[in-house]
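# Coordinate analysis (summary)
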Amino acid sequence: MMKIMPVDQFDAEAFKTPPIQTGNEIEAAVDAILQNVREQGDKALIEYAEKFDKVKIDAVTVSDEEIEEAFAACDEAFLNTLRQARNNIEAFHKRQVRNSFVVTEEGGKVMGQRVIPLKRVGLYVPGGTAPLSSSVLMNAVPPKIAGVKEIIIATPPGKDGKIHPAILCAAKIAGVTKIIKAGGAQAIAALAYGTESVPRVDKIVGPGNVYVATAKRRVYGLVDIDMIAGPSEILIIADESADPVYTAADMLSQAEHDPLASSIVITNSAALAEVGKRIVEGTAKMDSLKDLIECYNVYSPGSKWSASYYVDAGTGVRNKKMIMVYQDTYVFGKGTLGDEGEWGDFT
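Residues numbered from 1 in each chain as written. Predicted model: local features only at pLDDT ≥ 70, side-chain atom pairs only at ≥ 80, totals over all residues. Heavy atoms only, no water.

## So, the packing of aromatic side chains
Applying the stated criterion across every chain yields a total of one aromatic pair. Note on Tyr-48 and Phe-52: the rings are 5.5 Å apart at their centroids and 10° apart in plane angle, and the pair reads as stacked. With Tyr-48 and Phe-52 both in helix H2 (residues 42-52), this residue pair falls four residues apart, about one helical turn. (Phe/Tyr/Trp six-rings, centres within 6.5 Å; stacked < 30°, edge-to-face > 60°. Helix = DSSP H or I, 4+ residues; strand = E, 2+ residues; numbered from the N terminus.)

Structure (structure tokens):
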């Protein structure tokens, strides 16, 4: 369980996020994966799915039948939520579109600019306990608006060899043209070099673990990338007027991203920390949406959050650092959740 301790026992060094760097072993492993996929293509992707994802797949590409099954598995309310989210994202990004222009000035001088969309982009969508359908929409809608003709998603398969229905539905709704069952550095390799089933892309975007980040750094130059993402972290300053549900959810929303993520709250309210402690601990143990919603509603019955937000905020948490610092009083929240894919208690 989470512990409460006097602030003078707080070890700040223990909660610092490690510097974003990769060791020689990680770089060597990534280089080997990149080379193998470049040489072996689909064969390497299938072998890595068995090695890393513990599943045997017959094909790298998601079939139309699998997408149809995904839509059948999702209720209409959820699909409508995805469509509305897509529309909201489109409305924002349409304002960012850059247009070509040509001007003729005095003396016959002609000047202009041509804005040409990339032909093909690759989007990496992390796997794990929580299906990140929101990441699909936020990464797939902008290139669609920009005029990119081919949008390819790479995401690791589940234990059944399939991609989560929420991911497939979000991809289809966003206009993704191809989905491949590959995660980690091998997915980045497939997008960068191309395989029998995966055409080479012009740019790779999307977050991932240290192996994904290292692979993106290695292939940069051959293809463009968005950025090298590091571990998530959040610092929240909250007094007694803060909603403990919001505070706990904000901690969890960042903690779920990565095993190196850090969530910190500084508060002068013992009550806020005590209630937040119960919510975080309760949320970590939830294995159903019904239980999760009940946990939140106990502490904030007037909350206007939707069920879909509860899922995003409360699932997929693993190996996270969380802490709540009481002004002149307590430190709260140091602990670790269970291994990836499993629920565990804070220890």
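## Considerations on the packing of helix H4 (residues 76-93) against helix H5 (residues 133-146)
Two measures define how a pair of helices packs: the angle their axes make with one another and the distance between the axes. Between H4 and H5, the least distance of the axes is 9 Å, while the angle of their chain directions is 45°. The angle between H4 and H5 places the two elements in the oblique class. Considering how the two elements wind past one another, H4 and H5 form a crossing that is right-handed. Contact residues: Phe-78, Leu-82, Ala-85, Arg-86, Ile-89, Glu-90 and His-93 in H4; Ser-133, Leu-137, Met-138, Val-141, Pro-142 and Ile-145 in H5. Here the contact of H4 with H5 is built from residues that sort into nine nonpolar, two polar and two charged. (Axes fitted to C-alpha atoms, helices over the stretch in contact; angles between N-to-C directions. Parallel < 35°, antiparallel > 145°, perpendicular 65-115°, else oblique. Left-handed = near helix turned anticlockwise from the far one by under 90°. Contact = heavy atoms within 4.5 Å. Nonpolar A, V, L, I, M, F, W, Y, C, P; charged D, E, K, R; others polar.)

## Considering helix H6 (residues 165-174)
The buried fraction of H6 is high, at eight of ten residues. Along H6, the residues that are buried comprise Ala-166, Ile-167, Leu-168, Cys-169, Ala-170, Ala-171, Ile-173 and Ala-174. Tucked into the core, H6 has its buried residues touching helix H3 (64-73), H4, H5, strand S5 (150-155) and strand S6 (178-181). Backbone geometry just after H6 places Gly-175 at a positive phi near 95°. (Buried < 20%, exposed > 50% of the residue type's maximum accessible area, 1.4 Å probe, protein only.)

## Considering the side chain of Glu-27
Tracing the backbone shows Glu-27 in helix H1 (residues 24-40). At 2.8 Å, the side chain of Glu-27 forms a polar contact with the side chain of Arg-217. (Polar contact = N/O pair within 3.5 Å; in protein donor to acceptor, adjacent residues only side chain to side chain.)

## Considerations on helix H7 (residues 184-193)
Of all ten residues in H7, nine are buried, a share of seventy percent or more. Within H7 the residues assigned to the buried category are Gly-184, Ala-185, Gln-186, Ala-187, Ile-188, Ala-189, Ala-190, Leu-191 and Ala-192. After H7 finishes, the residue Gly-194 shows a positive phi value of roughly 85°.

## As for a nonpolar patch on the surface
Judged by side-chain polarity, Phe-101, Val-103 and Met-111 come together as a nonpolar surface patch covering roughly 250 Å² of accessible area. Of note, Val-103 is situated in strand S2 (residues 101-105). The class for Val-103 is partly exposed, based on a relative accessible area of 34%. (Patch = residues over 30% accessible without salt bridge, like charges linked within 9 Å, V, L, I, M, F, W, Y side chains within 5 Å. Areas by Shrake-Rupley, 256 points an atom, 1.4 Å probe, with all protein chains shown as cover. Salt bridge = Lys/Arg side-chain N within 4 Å of Asp/Glu carboxyl O.)

## Notes on the pattern of salt bridges
As enumerated under the stated definition, the model contains ten salt bridges in all. Residues Asp-31 and Arg-218 are paired through a salt bridge, measuring 2.8 Å at the closest nitrogen-oxygen approach. Of the two residues, Asp-31 is situated in helix H1 and Arg-218 in helix H8 (residues 210-219); the sequence distance between them amounts to 187 residues.

## A look at the environment of Val-37
You can see Val-37 is positioned in helix H1. When its relative accessible area of 0% is taken as the criterion, Val-37 is described as buried. Between the alpha carbons of Val-37 and Ala-190 there is a distance of 6.5 Å; along the sequence they are 153 residues apart. When neighbours within four sequence positions are excluded, Val-37 is seen to be in contact with Ala-44, Leu-45, Tyr-48, Gln-186, Ala-189, Ala-190 and Thr-195.

## Here's the deal with the pairing of strand S4 (residues 120-124)
Among the five residues of S4, five are classified as buried, and the element is accordingly described as predominantly covered. Side chains Arg-120, Gly-122 and Tyr-124 project from S4 onto one buried face, and the interleaved Val-121 and Leu-123 project onto a second face that is buried too. With five bridges connecting them, S4 and S5 associate as parallel partners. Of the residues in S5, the one forming a bridge with Val-121 is Ile-151. Sheet topology note: the S4/strand S7 (residues 203-205) ladder contains three bridges and is parallel. Its bridge partner being in S7, Val-121 is matched across the sheet by Lys-203. (Pairing = 2+ DSSP bridges.)

## Considerations on unusual backbone geometry
Despite not being glycine, Lys-54 has its phi angle at roughly 60°, a positive value. Tracing the sequence through the fold places Lys-54 in the loop between H2 and H3.

## Quick notes on the packing of H1 against H2
Look at H1 against H2: their axes get within 6 Å of each other, and the N-to-C directions meet at 135°. By the angle between their directions, the pair H1 and H2 is classed as oblique. For the pair H1 and H2, the contacting residues are Ala-32, Ile-33, Asn-36, Val-37 and Gln-40 in the first and Asp-42, Lys-43, Ala-44, Leu-45, Glu-47, Tyr-48 and Phe-52 in the second. Grouping the constituent residues of the contact of H1 with H2 by class yields seven nonpolar, two polar and three charged.

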